[in-house]
Amino acid sequence: MQNKLLVIIPARKGSKRLKNKNRVIFNGKELFLHSTEEAKKISGYRLRVIVSTDDVEIEKKCLLKKIEVKKRLPIHGLDYAAKQSVIKDVCYLLWEEETYVPDIVLSLQANSPQVNSIILEKCLEKFKRHKEVNFCKELICINKNGDQNASIRIMTYKTVFQKTLSTYLTTFTEDIDDIHYHDDLIKVSIKMKKTHDK
């Protein structure tokens, strides 16, 4: 039987550096849709993709495109709110509403349009091979310089709720840029065009 894979895409309304960042049009569509549409292409799992947002416009767009969406609590829309708190909140909500428990939880950043389904499936394949200890293991995506790029984080369900730093961690290396400023849109667009033209 295929594993249940839950992909959560946090897409909050507020952004100090680039206004309405997750709704900015990038290569013809809203930024958050790049991540969402690529996530929906993942094969080999009982897949569920959810956008977590406090943005009414993002919620409307999701409903229009038949993308599952969960309203975010106001506290998780604050600047200092941790992304992992949003992931936990969605998991708690799904348990309370329908006793849904996935085998794997994938946190996917809404402002990383370079991420595609091929990269996601490679990450999942490496995650599957990684040793699990006490039902815990985790994968994060890092750039070639060793820095975490925060675009992809994959966890077992139990790992979502652990309160200590992960010791059952592996990495996947892929240079991915997060979009935070207008200049980032230009830089990433050029990079993606070069990759496409190869």
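One structure accompanies this document, and this report is about it. For clarity, every value in this text was computed on a predicted model and none was experimentally measured. (Residues numbered from 1 in each chain as written. Predicted model: local features only at pLDDT ≥ 70, side-chain atom pairs only at ≥ 80, totals over all residues. Heavy atoms only, no water.)

### Here's the deal with helix α2 (residues 56-64)
Buried within α2 are the following residues: I58, E59 and C62. Within α2, the buried residues cover an arc of 100° as seen down the axis, which keeps them to one side. Away from the buried face of α2 by more than 90 degrees, exposed residues K60 and L64 are located. Its side-chain oxygen 2.8 Å from the backbone nitrogen of E57, D55 forms the N-cap of α2. In the segment just after α2, K66 is the residue with positive phi, at about 60°. (Buried < 20%, exposed > 50% of the residue type's maximum accessible area, 1.4 Å probe, protein only. Helix = DSSP H or I, 4+ residues; strand = E, 2+ residues; numbered from the N terminus. Arc of directions from axis to C-beta. Polar contact = N/O pair within 3.5 Å; in protein donor to acceptor, adjacent residues only side chain to side chain.)

### Points about the layout of surface pockets
Gaps left between atoms are located by rolling a probe of water-molecule size over the structure's atoms. Of the voids in this model, the largest pocket is the one considered here, and its volume is about 600 Å³. Along its surface, the largest pocket is lined by 25 residues, and Q114, N116, K191, M192 and T195 are the ones closest to its centre. For the lining of the largest pocket, the secondary structure elements donating two or more residues are α1 (31-39), α4 (117-129), β9 (169-173) and α6 (182-197). Examining the composition of the lining of the largest pocket, we find that 6 residues originate from one element, α6, more than from any other. Here the lining of the largest pocket is built from residues that sort into 7 nonpolar, 6 polar and 12 charged. (1 Å grid on protein atoms, 1.4 Å probe; cavity = no way out; pocket = protein on both sides within 12 Å on 5 of 7 lines; lining within 4 Å. Points joined across faces, edges and corners; volume = space filled by probe spheres on them. Nonpolar A, V, L, I, M, F, W, Y, C, P; charged D, E, K, R; others polar.)

### A closer look at the environment of A110
Mapped onto the fold, A110 is located in the loop between β6 (104-108) and α4. Residue classification places A110 among the buried residues on the basis of a relative accessible area of 2%. Residues A110 and Y100, 10 residues apart in the sequence, show an inter-C-alpha distance of 23 Å. Other than its neighbours up to four places away in sequence, A110 contacts I9, P10, A11, N22, L31, F32 and S35. (Contact = heavy atoms within 4.5 Å.)

### Remarks on helix α3 (residues 83-98)
An ideal rise of 1.5 Å per residue puts 22 Å on 16 residues; α3 measures up with 23 Å between its terminal C-alpha atoms. For α3, every residue scored as buried is listed here: Q84, V86, I87, D89, V90, C91 and L94. Structurally, α3 contributes buried residues whose contacts are with β1 (4-10), β4 (46-53), β5 (68-71), β6, β8 (148-156) and α5 (157-160). Of the residues one or two after α3, T99 is the one with positive phi, at around 50°. (Expected span 1.5 Å × (residues − 1).)

### A word on the packing of aromatic side chains
Counting across every chain of the model gives 2 aromatic pairs. Centroid distance Y92 to F161: 5.1 Å. Interplanar angle 45°. Geometry classified as tilted. Placement of the pair is Y92 in helix α3 and F161 in the loop between α5 and β9, with a sequence separation of 69 residues. For the pair Y157 and F161, a centre-to-centre distance of 5.1 Å together with 75° between the ring planes defines the contact as edge-to-face. Looking at Y157, the relative accessible area reads 18%, which means it is buried. Among the aromatic side chains, those forming a connected cluster through ring pairs are Y92, Y157 and F161. Directly above the ring of Y100 sits R48, whose terminal nitrogen or CZ lies 4.6 Å from the centroid. (Phe/Tyr/Trp six-rings, centres within 6.5 Å; stacked < 30°, edge-to-face > 60°. Lys NZ or Arg CZ within 6 Å of the ring centre and 35° of its normal.)

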